[in-house]
Amino acid sequence: MPNNSTKILLLTTLTSGILISISSNSWFGAWMGLEINLLSFIPMMMEKKNIYTTEASLKYFIVQAGASSMLLFMVMMSAMEESMLINSDNLYTQMLMNTPLLLKGGVAPMHWWFPGVMEGLNWNNCLILMTLQKSAPLSLISYQINNDMFLEMIIVTSVMIGAIGGLNQTSLRKIMTYSSINHTGWMMSAMITGNDMWVTYFTIYSMLTLTVVSIVKTTKLSFVNQMAMTEKKNKLTKFLVFTSILSLGGLPPFLGFMPKWMVIQAMMTNEMKTTATMMVLMSVVTLYYYMRMTYSSLMMLHLETKWLIAQPINKTPKHIILLTSISITGLMMSEMIMNLD
Amino acid sequence: MNFISICFVSFFFLLFFGILSFFVGFVFVVKDLVYFIEWDIITLNSSSVVMTLLFDWMSLFFLGFVFFISSLVVLYSDDYMHGDLNIYRFIYLVLLFVVSMMFLILSPNLISILLGWDGLGLVSYCLVIYYQNFKSYGAGMLTALSNRVGDVALLMSIAWMFNFGSWNYVYYLFFMSGSMEMNFISFLVVLAAMTSSAQIPFSSWLPAAMAAPTPVSALVHSSTLVTAGVYLLIRFSCSFGDSLNSFLLLVSGLTMFMSGLGANFEFDLSSVIALSTLSQLGLMVGIVSFGFPELAFFHLLTHALFKALLFMCAGVVIHVMGDSQDIRFMGGVSFFMPFTSSCLVVSSFALCGMPFLAGFYSSDLILEMVLLGYFNFFGLLLFFLSTGLTVCYSFRLFYYVLFGDFNLSSFCSFEDAGNNMCTGMLGLLVVVIFGGSMLSWLIFPTPFVICLPFYLSTSVLLVSILGGWLGYELSKVDLGEFLFSMFLYKSSFFFGSMWFMPYVFVYGVSLFPLNYGYVIIKSFDSGWSEFFGGQGLFWFFSFLAKGNQWLQYGSLSVYMFFIVVWINLLVFFMFM
């Protein structure tokens with residue numbers, strides 16, 4: 001159970017692991033960064049000492065360590081074999097190098113550890129797992145990516161799994177997990193079409209996730225039905241949850257639409273119409289479950305009683321309001337900035 | 001009497017503007033002036049958006065009549081709607097009605113005509129549903145939808161006027177008459193006018209619109225909604241071709257005859273007067289199609305006067321009857337309400353064309369022009385029978401309402417109710433008596449020359465007297481008397497229900513779309529598209545999500561094993 005200073009230390013090493021990994025010159029350095037990152041996240045997961053965190057950290061450790069060892073194996077093999085140089089035309093080489101990284105990032109066919117791990121964590125760690133922990137493997141993938149059938153299948157699978165898996169979930173963590181899987185699919189396609197577009201996508205996705213997670217953390221929500229019950233008192237929070245979740249889903253007036261827009265446009269120019277259609281259709285399904293999260297609290301169980309009006313309700317933290325206002329107006333603002341020339 | 005109530009304020013304003021436009025109209029008709037006022041709203045590249053207003057004696061006189069009658073109607077409704085909670089809404093609606101009519105009258109431009117036309121349609125809907133019950137809703141919907149047909153026709157004629165490069169129709173009517181585009185435009189305008197003036201296929205809304213408060217009926221039937229169509233026809237009349245004219249003549253003659261006959265079978269006081277309006281509208285449209293638009297306009301003005309008065313009298317009678325409109329319950333009203341009854345008689349006589357009242361100058365002139373022109377026997381018969389029928393239902397109304405015994409309950413309070421109502425009626429009574437001669441001297445500085453043999457020139461009188469006698473004799477019933485309308489039940493049912501027009505052109509038209517809509521909603525909206533759309537997709541995705549959940553139940557080691565197998569396969573294939 002780490003105390004505050006330990007947390008600071010671990011966060012520092014976690015970040016430096018990511019930085020080592022994405023800025024290293026060799027595969028070995030990348031592997032080392034990933035290991036540092038993993039080993040500093042595992043103690044952070046043990047926020048409370050109970051079976052949930054234990055199970056989650058154990059699962060995470062096994063999966064990540066396995067993936068790391070596979071990666072090390074591939075790296076050593078590529079050092080031994082002349083034919084296994086990176087960026088060679090061999091399809092299997094690509095697949096072999098990418099598989100452990102995809103497993104680490106929780107991209108769809110290798111995503112099975114992700115919901116289980118998320119379920120045992122608190123919201124802070126969930127946020128780190130959904131955003132920071134993905135950045136290193138995804139950057140490593142982006143260094144050696146090619147537009148081939150394997151990656152397109154990965155994209156389609158993760159988009160579909162992310163959309164369909166979240167449909168009958170009641171746990172907010174699971175829903176966020178599947179949404180993360182779905183967004184990772186979009187990031188992969190951003191990687192295929194343009195080099196640094198996925199960074200934009202990742203940044204905006206992280207910010208939107210941060211918004212949603214901060215709100216549900218403040219209001220201590222874990223399940224969908226709690227959203228309807230606990231938000232009765234606070235209309236502002238209700239509104240903030242609704243807009244930030246729709247923004248995460250990528251509804252046009254909000255910020256979340258902007259990266260999707262960019263990706264769709266880039267895919268259109270790269271003749272990836274079928275994949276793009278698939279992704280857009282699946283994002284409709286994600287919007288369905290996003291909307292279902294807030295629908296009942298906003299539309300059906302909307303209750304305003306007199307004694308609740310009299311109470312000081314405005315206890316919403318300022319950073320949530322700030323983040324939500326960014327996610328509402330971000331699309332328009334970024335468009336304005338881009339059109340300034 | 002509260003002088004700053006909304007009714008009084010509106011009354012004074014409307015009266016002022018009415019008298020103003022009258023006097024300006026006098027100047028215009030004497031000096032033969034026409035003024036165009038163009039307001040250049042915006043000019044973009046080469047296209048300019050211009051609001052044009054047309055002031056000539058026709059528009060000014062009509063405007064003056066609209067203002068004058070609406071001022072008296074507003075004054076009248078101060079008593080008639082006394083104590084109504086929504087009197088403000090009512091007066092605002094009436095004022096909006098007048099404004100829409102103003103747009104329509106003053107504009108020589110199809111776009112601004114459409115603006116006024118749509119305003120009339122919308123406000124008339126709001127006024128018809130003023131008393132909020134299901135009957136009113138039905139009637140309002142019928143009115144609105146019938147007038148929407150005219151809207152569509154006007155819109156299409158706007159589209160056709162693109163061919164000329166401008167929507168100011170006054171510039172093109174004469175020069176383009178006979179061209180294909182103008183033929184289309186004039187046909188569409190005639191269609192629009194037929195909906196608004198309730199000519200034959202669209203007649204059923206006019207009696208239904210009686211669901212509105214009676215002051216509104218006085219306004220609608222005299223000078224605003226129904227005459228808008230006639231006014232449009234008068235403005236467009238120089239572009240009509242022969243075939244269109246004869247079509248219009250047939251339709252209007254049939255409308256006139258149908259409604260005159262129907263009024264003789266009707267027992268609702270408002271509906272009798274509504275049908276008489278329809279008959280007079282037929283007369284106006286008929287004389288437009290016969291080639292005398294000025295005559296039609298003249299009759300439009302005089303008719304506006306006496307029909308407004310007639311409706312006001314009927315409104316007072318209905319008011320004191322405790323909102324009962326059935327004329328079989330009335331009777332002996334002239335003993336209790338001498339002023340109202342005399343107004344009723346004067347306006348009805350003016351309607352019948354009693355010499356030297358307002359209606360005489362116009363309708364007698366029209367009938368003699370009809371006799372003078374070449375006309376087939378059928379048309380002549382329609383015109384003269386309808387004249388006779390007008391007198392017939394008027395005398396029938398006298399018999400039922402004014403004379404005989406009082407037939408409502410034995411406990412009733414009857415008087416010439418309402419100071420303002422009587423004032424409004426008095427104001428109209430004067431112009432009903434003097435208005436016809438005055439207008440004819442103003443509009444026709446050189447009178448029409450009528451040269452007819454004696455038997456033809458007295459035929460109008462003969463037909464009228466015959467009609468009056470028949471109307472009185474036929475409706476005179478005693479206890480135990482044999483009822484001819486029961487003997488001829490089917491034909492009287494046919495004639496009394498406007499030749500089944502409400503059934504044929506309302507239910508008949510809407511039957512197929514309604515049935516088809518039912519089929520569509522049954523087999524598509526809640527059928528196949530629900531199966532493959534909403535519910536089906538939901539089921540499908542839930543099914544997939546269940547599958548995904550089932551996969552997630554598996555042990556972690558199994559998945560790790562799969563990964564190892566996958567890696568091994570890849571290595572194997574790589575070295576192969």
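Residues numbered from 1 in each chain as written. Chains lettered and ligands numbered in written order. Predicted model: local features only at pLDDT ≥ 70, side-chain atom pairs only at ≥ 80, totals over all residues. Heavy atoms only, no water.

Student: Tell me about the overall build of chain B, residues and numbers included.
Tutor: Secondary structure summary: chain B contains 23 helices and two strands in total. Considering chain B as a whole, with its 576 residues, one finds that 54% of them fall into the buried category. In chain B, the proportion of contacts linking residues at least 24 apart, taken out of those at least 6 apart, comes to 79%. As displayed, chain B has an accessible area near 26,500 Å², and 73% of this comes from carbon and sulfur atoms. (Helix = DSSP H or I, 4+ residues; strand = E, 2+ residues; numbered from the N terminus. Buried < 20%, exposed > 50% of the residue type's maximum accessible area, 1.4 Å probe, protein only. Contact = heavy atoms within 4.5 Å. Areas by Shrake-Rupley, 256 points an atom, 1.4 Å probe, with all protein chains shown as cover.)

Student: How would you sum up the nonpolar core? Please name residues and give values.
Tutor: When a protein is soluble and globular, its nonpolar side chains tend to lie buried together. If you look at the biggest cluster of nonpolar residues, it comprises 170 residues, and the most contacted ones within it are B:Ile69, B:Leu269 and B:Phe297. Apart from residues no more than four positions distant in its own chain, B:Leu269 is found in contact with B:Ala314, B:Val317, B:Ile318, B:Gln325, B:Ile327, B:Met330, B:Leu397 and B:Val401. With 115 residues, the next largest nonpolar core counts A:Leu38, A:Trp186, A:Val212 and B:Ile567 among its residues. (Core = buried A, V, L, I, M, F, W, Y, C linked by side-chain atoms within 4.5 Å.)

Student: Describe the side chain of B:Ser341, and please don't skip the residues or the numbers.
Tutor: The topology assignment puts B:Ser341 in helix H14 (residues 338–352). With sequence-adjacent residues up to four places away left out, B:Ser341 is seen in contact with B:Val333, B:Ser334 and B:Leu402.

Student: Account for the pairing of strand S2 (residues 47–55) of chain B, naming residues and giving values.
Tutor: Summarising the sheet, strand S1 (residues 35–44) of chain B and S2(B) pair through nine bridges and their orientation is antiparallel. Among the inter-strand pairings, B:Thr43 is bridged to a residue of S2(B), identified as B:Ser48. (Pairing = 2+ DSSP bridges.)

Student: How would you sum up the interface of chain A and chain B? Please name residues and give values.
Tutor: The partner chain B presents 20 residues to the 33 residues of chain A that form the contact. Taken together, the two surfaces of chain A and chain B that pack against each other cover about 2,300 Å², and 79% of this comes from carbon and sulfur. Three residues stand out in chain A for area buried against chain B, namely A:Tyr92, A:Trp112 and A:Ile164, and they jointly supply 27% of the buried area on that side. One can count zero salt bridges joining chain A with chain B. Ranked by residues supplied to the side of chain A that touches chain B, first place goes to helix H3 (residues 51–80) of chain A with seven residues. (Buried area = accessible area lost by both parts, 1.4 Å probe. Salt bridge = Lys/Arg side-chain N within 4 Å of Asp/Glu carboxyl O.)

Student: Outline the pattern of salt bridges, listing residues and values.
Tutor: Between side chains of opposite charge, a pair can form when the charged atoms approach closely. Evaluation of the coordinates by the stated rule reveals eight salt bridges over all chains. Across the pair A:Lys174 and A:Glu119 runs a salt bridge, and its minimum N-O distance is 3.9 Å. Residue A:Lys174 is found in helix H9 (residues 172–193), and its partner A:Glu119 is found in helix H5 (residues 113–119); the two are separated by 55 residues along the sequence. Its salt-bridge partner being B:Arg328, residue B:Asp326 comes within 3.0 Å of it at the nearest N-O pair. A relative accessible area of 42% places B:Arg328 in the partly exposed class. Connected through salt bridges with shared partners, the residues B:Asp118, B:Arg148 and B:Asp151 form a single ionic network.

Student: Residue-level account of the environment of B:Val29, with values.
Tutor: All names here are of chain B. As for its position among the elements, Val 29 is in helix H1 (residues 6–31). Owing to a relative accessible area of 15%, Val 29 belongs among the buried residues under this scheme. Distance in space between the C-alpha atoms of Val 29 and Val 519 is 60 Å, their sequence separation being 490 residues. Discounting residues that sit within four places of it in the chain, Val 29 has contacts with Trp 57, Phe 61 and Leu 442.

Student: Tell me what's going on with the packing of aromatic side chains, and back it up with residues and numbers.
Tutor: All names here are of chain B. Within this structure, the stated rule accounts for 69 aromatic pairs over all chains. Centroid distance Phe 265 to Phe 495: 6.4 Å. Interplanar angle 20°. Geometry classified as stacked. Remark: Phe 495 occurs in helix H21 (residues 489–496) and Phe 265 occurs in the loop between helix H10 (242–263) and helix H11 (269–289); sequence separation between them is 230 residues. Relative to Tyr 503, the ring of Phe 500 lies with its centre 6.2 Å away and its plane at 65°, an arrangement referred to as edge-to-face. A relative accessible area of 40% means that Tyr 503 is categorised as partly exposed. Each member of the aromatic cluster is reached from another via a ring pair, and the members are Phe 22, Phe 23, Phe 26, Trp 57, Phe 61, Phe 62, Phe 65, Phe 68, Tyr 231 and Phe 297. The ring of Phe 267 carries the charged tip of Arg 328 above its face, separated from the ring centre by 4.0 Å. (Phe/Tyr/Trp six-rings, centres within 6.5 Å; stacked < 30°, edge-to-face > 60°. Lys NZ or Arg CZ within 6 Å of the ring centre and 35° of its normal.)

Student: Report on the environment of B:Phe162, specifying residues and quantitative values.
Tutor: Among the structural elements, B:Phe162 can be located in the loop between helix H5 (134–160) and helix H6 (180–196). Sequence separation of B:Phe162 and B:Ser410 is 248 residues, and the distance between their C-alpha atoms is 66 Å.

Student: An account of unusual backbone geometry is needed here, citing residue identities and associated values.
Tutor: Residue and element names in this part refer to chain B. For Asp 32, which is not glycine, the phi dihedral falls at a positive 60°. Residue placement: Asp 32 occurs in the loop between H1 and S1. For Asp 32, a relative accessible area of 61% translates into the label exposed. Positive phi, normally seen in glycine, also occurs at Phe 356, with a value near 75°. Its location among the elements puts Phe 356 in the loop between H14 and helix H15 (358–372). On the basis of relative accessible area, Phe 356 is assigned to the exposed category, the value being 57%.

Student: Which residues make up a nonpolar patch on the surface, and what values go with them?
Tutor: All names here are of chain B. On the surface, a cluster of nonpolar side chains totalling about 980 Å² of accessible area is made up of Val 477, Leu 483, Met 486, Tyr 489, Phe 493, Tyr 503, Val 504, Phe 505, Tyr 507 and Val 509. Elements with a contribution of two residues or more to the nonpolar patch: H21 and helix H22 (501–552). The class of Val 504 is partly exposed, set by a relative accessible area of 45%. (Patch = residues over 30% accessible without salt bridge, like charges linked within 9 Å, V, L, I, M, F, W, Y side chains within 5 Å.)

Student: So what's going on with helix H1 (residues 4–23) of chain A? Which residues, and what values?
Tutor: Residues and elements named next belong to chain A. A rise of 1.5 Å per residue sets the reference length of H1, with its 20 residues, at 28 Å; its end C-alpha atoms lie 28 Å apart and thus fit the reference within 8%. Buried within H1 we find Leu 10, Leu 14, Gly 17, Ile 18 and Ser 21. The arc that holds the buried residues of H1, viewed along the axis, is 95°, so those residues lie on one side. The exposed residues of H1 that point more than 90 degrees off its buried face are Asn 4, Ser 5, Ile 8, Leu 9 and Ser 23. Among the structural elements, helix H2 (27–45), helix H6 (123–130) and helix H7 (132–143) are those in contact with the buried residues of H1. (Expected span 1.5 Å × (residues − 1). Arc of directions from axis to C-beta.)

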